[in-house]
Amino acid sequence: MKRCAISDTRRGFIIKSASIAALYLTPSILVKAYATESVIPLPIPKEKLQLTINGKLFNLEVDARTSLLNLLREEIGYTGTKKGCEMGQCGACIVHVNGKRTNSCLSLAVTNEKLSVTTIEGLANGEALHPMQEAFLKNDSFQCGYCTPGQIMSAVTCVREGKAKTKASIKNYMDSNICRCGAYQNIVDAIYEVAQSGKKI
Amino acid sequence: MNQDELFYKSTMEEERVDGIEKITGRAKYSAEHSLPNMAYGVFVESRIAKGTIKSMDITKALASDGVIDVIYYENCPAIPGYSTDATNRPKNVSEWRGHKVLHDNVVRFFGQPIALIVADTLENANAAIRLVKAEYDTVIPEIDFDKLRLDESKLKGTNNYKRGEEKKYKQAAVFIEAEYNIPIEVHNPMELHATIAVWEGDDKLTVYDKNQGPRNTQVTLARTFGLPEKNVRVITENVGGAFGSGLRTWANTPAACIAAKKIQRPVKIVLTRPQMFTMIGYRPHSWQKVGIGADNSGILQGISHEGISNTSKYEDFREGLVNVSRYLYACANVDTKYSMLPLDLSTPIWMRGPGEASGCFALESALDELSYKLKIDPVELRIKNFSDINPESKLPFSANNLKDCYAYGKEKIGWSKRSKTPGLLKENGWQIGYGMAVGVFGAGKGVASVRAILNNNGTLVLETAISDMGPGTTTSMTRIAAEKMQIPLEKVKFKLGDSSLPPGPSQGGSGTTSTVGSAVLLACETVQNKLKELAIKFAPEFANKTVTDLLVENSLVQLVNNDQVKISITELLKIAEKSNIDITVTSTGKTAQELKFATNSFSVHFVRLAVNPKNGAIKIQQVVATADAGKIINYKTARSQMIGGVVGGVGMAMSEEAKFDTVTGQIINASLHGYHVPLHSEIPPTDVWFVNKPDNNMGELGAKGVGEISLIGVAAAITNALYNATGKRVRSLPITPQKLGFKA
């Protein structure tokens, strides 16, 4: 199976993607500690990428340096997934990749070849809200709403993975997601309510 | 069920009117607008804190793939508001306040934006950052607050206040003196500050910008670029938190405007998380000293409160750090002294509960210390020194229901279980402590304009140029209008977040609900009067009646004393041959002096916590947050705001601290990993209770704000509970195991 046009071998791909990741995903505060570069980097050719987002198949050509987060927000226009730190520290960018929660800011877009991504926009069934979205509304589990998509995506896997049996286990699981408005208590209430309802989500 | 409970139940069943947009990801924040041909701007930051840039080589960056321009002091176009020449300044221009981005080669703080790279993609822009080479002449920066504050020659803007005798506390039967230290805290809203700027021709500018006041940003940009206000449109549909960081216009906004004009394309700038620590302000570092004394019965004899907080070297930023000691308690002898300490840092800005949050930490800690020395219950001590009037202005408080808050909070937290002697109460090997503290903040009512359009289908549209950073303003305003018009919530649409709407205030200082709410009430009343006038003029059944004979509710105009005589709004507008009623009103503010009352919101926080005596680990077990903020418009959103304030206060007490390398001036923890904000598992269950009595002196609305008081006092309640648990007093935030005597 040809993974990517960037190199002929899987090993070559891993090496190259790892070095791109090292360069572009390292917190800028660390990168800037090094001296300025003297060589102008060569233009980066676009890579082919096929992936499914919210059930829709996309055949794309993307910059190999683009994170999944920036692909969603800047290229495709799925801005429901939020950018909060680009260092995997806040959880605002969490999406599901093949059902697993993933910090999309730490995932290079090209590493998602043939994978299936679900964002907040793909959670509701048309106009019918997902039970977790309904519970967030009812429990007032957000204020500014910016961390909310990430919280909801994490909340869904929290229940699916069986980590929502007690409020304490919900809190531990959800420590991945920062809410600066401080809606935590209402978020935990919403998740607990959905878990207790026994609804298959 | 009493009236309060009925009201609470009904609003708890309502949902935020903008809720569905936010939980489905459809709500658009400032960086999320996509414009054709948009370019991306990223800042190059200074690697020194103080000095000048000798030279900057941008040639390699310019040659890098996709780079359109690199803008810096050598090639930045002239900006009218950047000129310091006051005599030749056009009338519609004001000088930009603070750091003029991309303007000169002076470096004022570490991480200052010194160049803007503009490229076709974000990736190409980021890749060019390291190609810009700057050479500096470096000067050793002054960063170390704790050391420099001791040098009086470094202080500026000293402000003194005195009533009665100075330092009178020293003559009291019982007194304490203590110093309190609060490090720099950073707002860190989850949404990164961002701007998209686009020009139409030379003189029409539209910006999508994160701020707490689109009107304020519009005026700032118009006056900076010398444009008529109507030619500048600022769109701020949704704000992902701000807590004060959006109260002024920062470098990203003019930089995007400058770049968009220079390259003749829309430009988007989104700050990085580390840049959120240096480019958008912070709560200043503060040092305070409180001396407080009472007679043996606990009556306060004197308070002396001294404070210093830092500002930048290029701008003054003052806080009301010590003011709370002048007016919260009855005391004849009070003196305060406040000074600024300029450092080689960027300028601070108000952060949730500005001044009072830091000031109450000192005063409420000091009162707690005094209570132990007096052997008087801390709540009793506060009640003994309760004041009906504001002792500073001598005006009566419009309402001060602190005693109700004390009573409820004591009961709910289980205050009777508290040990009077610290360190005695234990549970499963953990030390248990109870603490409380008061919070207070001004509750003003300012000027706001609202446009109201009542359509012939009975729907009401309200418009004003404010923004909603999360408290639920849109929801509250919808509720105020629906109640006044006696129509369902669904029939009201409240529009905000666009400077082209009638001017409204910036969202800050807990003033939005009272200010904009009063304007909404006035708009509704005006619409109702118009309807009554139309009914008298056009509907035969109301001929010869006067407006006082009529009332408007549920989309009907009817007689006050006979509800059988009525006409629907739809019918009335039809016979009057109007498609709608469209009015704009301005509601004026009133000062305390005009009101002849001092208007404040109050809070009391009660905390129960447990400390592991083996390692100093602290578990906050319960918080009871009570507030006196007049009439509560929406219990659900006000409750959420109170809970959120507790979370902010937990951060202030337990972990938040921007740490500096005092040699270079660099923040060494500028990330959400290094700068720890509270997480899910660190938050105690919080009960919220409101006095919920309308403050009639605040006008018909009777409501005051809760945004600040929700946080003010929380940190002191926690350190007071910690003392009760362990006998160890922490006066320097945040609390760490080391400060409790444990090794790291």
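Conventions adopted
Residues numbered from 1 in each chain as written. Chains lettered and ligands numbered in written order. Predicted model: local features only at pLDDT ≥ 70, side-chain atom pairs only at ≥ 80, totals over all residues. Heavy atoms only, no water. Helix = DSSP H or I, 4+ residues; strand = E, 2+ residues; numbered from the N terminus. Buried < 20%, exposed > 50% of the residue type's maximum accessible area, 1.4 Å probe, protein only. Lys, Arg positive; Asp, Glu negative; His and termini not counted. Salt bridge = Lys/Arg side-chain N within 4 Å of Asp/Glu carboxyl O. Polar contact = N/O pair within 3.5 Å; in protein donor to acceptor, adjacent residues only side chain to side chain. Contact = heavy atoms within 4.5 Å. Pairing = 2+ DSSP bridges. Domains from an automatic or database assignment. Buried area = accessible area lost by both parts, 1.4 Å probe. Nonpolar A, V, L, I, M, F, W, Y, C, P; charged D, E, K, R; others polar. Core = buried A, V, L, I, M, F, W, Y, C linked by side-chain atoms within 4.5 Å. Phe/Tyr/Trp six-rings, centres within 6.5 Å; stacked < 30°, edge-to-face > 60°. Lys NZ or Arg CZ within 6 Å of the ring centre and 35° of its normal. Axes fitted to C-alpha atoms, helices over the stretch in contact; angles between N-to-C directions. Parallel < 35°, antiparallel > 145°, perpendicular 65-115°, else oblique. Left-handed = near helix turned anticlockwise from the far one by under 90°.

**Brief notes about the side chain of B:D468**
Residues and elements named next belong to chain B.
Point 1. Following the sequence through the fold, D468 ends up in the loop between β19 (460-463) and α12 (473-485).
Point 2. Of the buried charged residues, D468 lacks a salt bridge, with K22 as the closest side chain of opposite charge at 5.2 Å.
Point 3. A distance of 2.9 Å separates a polar side-chain atom of D468 from the backbone nitrogen of G470.
Point 4. At a separation of 3.4 Å, a polar atom in the side chain of D468 contacts the main-chain amide nitrogen of G472.
Point 5. The residues contacting D468, other than those within four sequence positions of it, are D18, V239, T473, T474, L496 and Q507.

**Concerning the pairing of β19(B)**
All names here are of chain B.
Point 1. Residues of β19 alternate between two faces, with L460 and L462 on one and V461 and E463 on the opposite face, all of them buried.
Point 2. Both strand β18 (residues 448-455) and β19 contribute to a ladder of four bridges, which runs antiparallel. Bridging across to β19, L454 finds its partner in L460.
Point 3. Connecting β18 to the antiparallel partner β19 that follows it, the hairpin turn spans four residues, and G458 within it adopts a positive phi of roughly 90 degrees.

**As for the domain arrangement of chain A**
Residue and element names in this part refer to chain A.
Point 1. The assigned domain composition of chain A is domain 1 (10-35 + 46-122) and domain 2 (131-197).
Point 2. At the junction of the two partners, domain 1 supplies 15 residues and domain 2 supplies 14 residues.
Point 3. Of all residues in domain 1, the largest losses of buried area upon contact with domain 2 belong to H96, R101 and I120, amounting jointly to 45% of the total for that side.
Point 4. In this assembly, domain 1 and domain 2 are joined by zero salt bridges.
Point 5. Summed over the shared surface of domain 1 and domain 2, the number is seven residue pairs in polar contact (both at pLDDT 80 or more).
Point 6. Looking at the side of domain 1 that touches domain 2 residue by residue, the class counts come to four nonpolar, seven polar and four charged.

**A closer look at the domain arrangement of chain B**
Residues and elements named next belong to chain B.
Point 1. In terms of domains, chain B is made up of domain 1 (30-139 + 189-272), domain 2 (286-444 + 594-740) and domain 3 (446-589).
Point 2. A separation of 37 Å is found between the C-alpha centroids of domain 1 and domain 2.
Point 3. On the domain 2 side, the residues contacting the 16 residues of domain 1 number 16 residues.
Point 4. At the boundary of domain 1 with domain 2, total buried surface from both sides reaches about 1,300 Å², with 63% on carbon and sulfur atoms.
Point 5. For the pair domain 1 and domain 2, the interface holds three salt bridges.
Point 6. At the boundary of domain 1 with domain 2, the tally comes to three residue pairs in polar contact (both at pLDDT 80 or more).

**Thoughts on the sheet that holds strand β2 (residues 51-57) of chain B**
Backbone hydrogen bonds are what pair the strands of a sheet, in a parallel or an antiparallel way.
All names here are of chain B.
Point 1. If you trace the three strands from one edge of the open sheet to the other, you get β4-β2-β6, paired in antiparallel fashion. At either margin of the open sheet sits one strand with a lone partner, and together these are β4 (106-107) and β6 (133-138).
Point 2. Here β2 runs beside β4; their pairing, made up of two bridges, is antiparallel. Residue pairing for β4: G51 is matched across the bridge by V107.

**So, the interface of chain A and chain B**
Point 1. In this assembly, 64 residues from chain A lie in contact with 74 residues from chain B.
Point 2. For the chain A and chain B pair, buried surface summed over both sides reaches about 5,800 Å², with 57% attributable to carbon and sulfur atoms.
Point 3. Across the salt bridge formed by A:E74 and B:K268, the nearest N and O atoms sit 2.9 Å from each other.
Point 4. On the surface where chain A and chain B come into contact, there are 30 residue pairs in polar contact (both at pLDDT 80 or more).
Point 5. Broken down by element, the side of chain A that touches chain B gets its largest block of residues, five residues, from helix α7 (residues 184-197) of chain A.

**Describing the nonpolar core**
Point 1. Judged by nonpolar contacts, the single largest core of 154 residues is most densely connected at A:M132, A:I191, B:I292 and B:F690.
Point 2. Once residues within four sequence positions are removed from consideration, B:I292 is found in contact with B:Y169, B:V174, B:F175, B:I176, B:L300, B:G302, B:I303, B:L363, B:A366, B:L367 and B:L370.
Point 3. Counting 44 residues, the second-largest nonpolar core is a separate cluster that includes B:F494, B:A523, B:A535 and B:A576.

**A few points about the packing of aromatic side chains**
Residues and elements named next belong to chain B.
Point 1. Within this structure, the stated rule accounts for 16 aromatic pairs over all chains.
Point 2. When the ring of Y72 is compared with that of Y73, the centres are 5.1 Å apart and the planes differ by 70 degrees; the resulting orientation is edge-to-face.
Point 3. An aromatic cluster is built from F7, Y8, Y635 and F690, whose rings are joined through pairwise contacts.
Point 4. In this structure, K261 is placed above the aromatic ring of W199, and the distance from its NZ or CZ to the ring centre is 4.4 Å.

**Focus: the packing of helix α16 (residues 635-654) of chain B against helix α17 (residues 714-726) of chain B**
Residue and element names in this part refer to chain B.
Point 1. Across the interface, α16 lies against α17 with an axial gap of 8 Å and an inter-helix angle of 55 degrees. Classified by the angle their axes make, α16 and α17 are oblique. α17 is crossed by α16, and the crossing has right-handed handedness. Between α16 and α17, the residues in contact are G645, V646, G649, V650, M652, A653 and M654 and V714, A715 and I718, respectively.
Point 2. By residue class, the composition of the contact of α16 with α17 is eight nonpolar, two polar and no charged.

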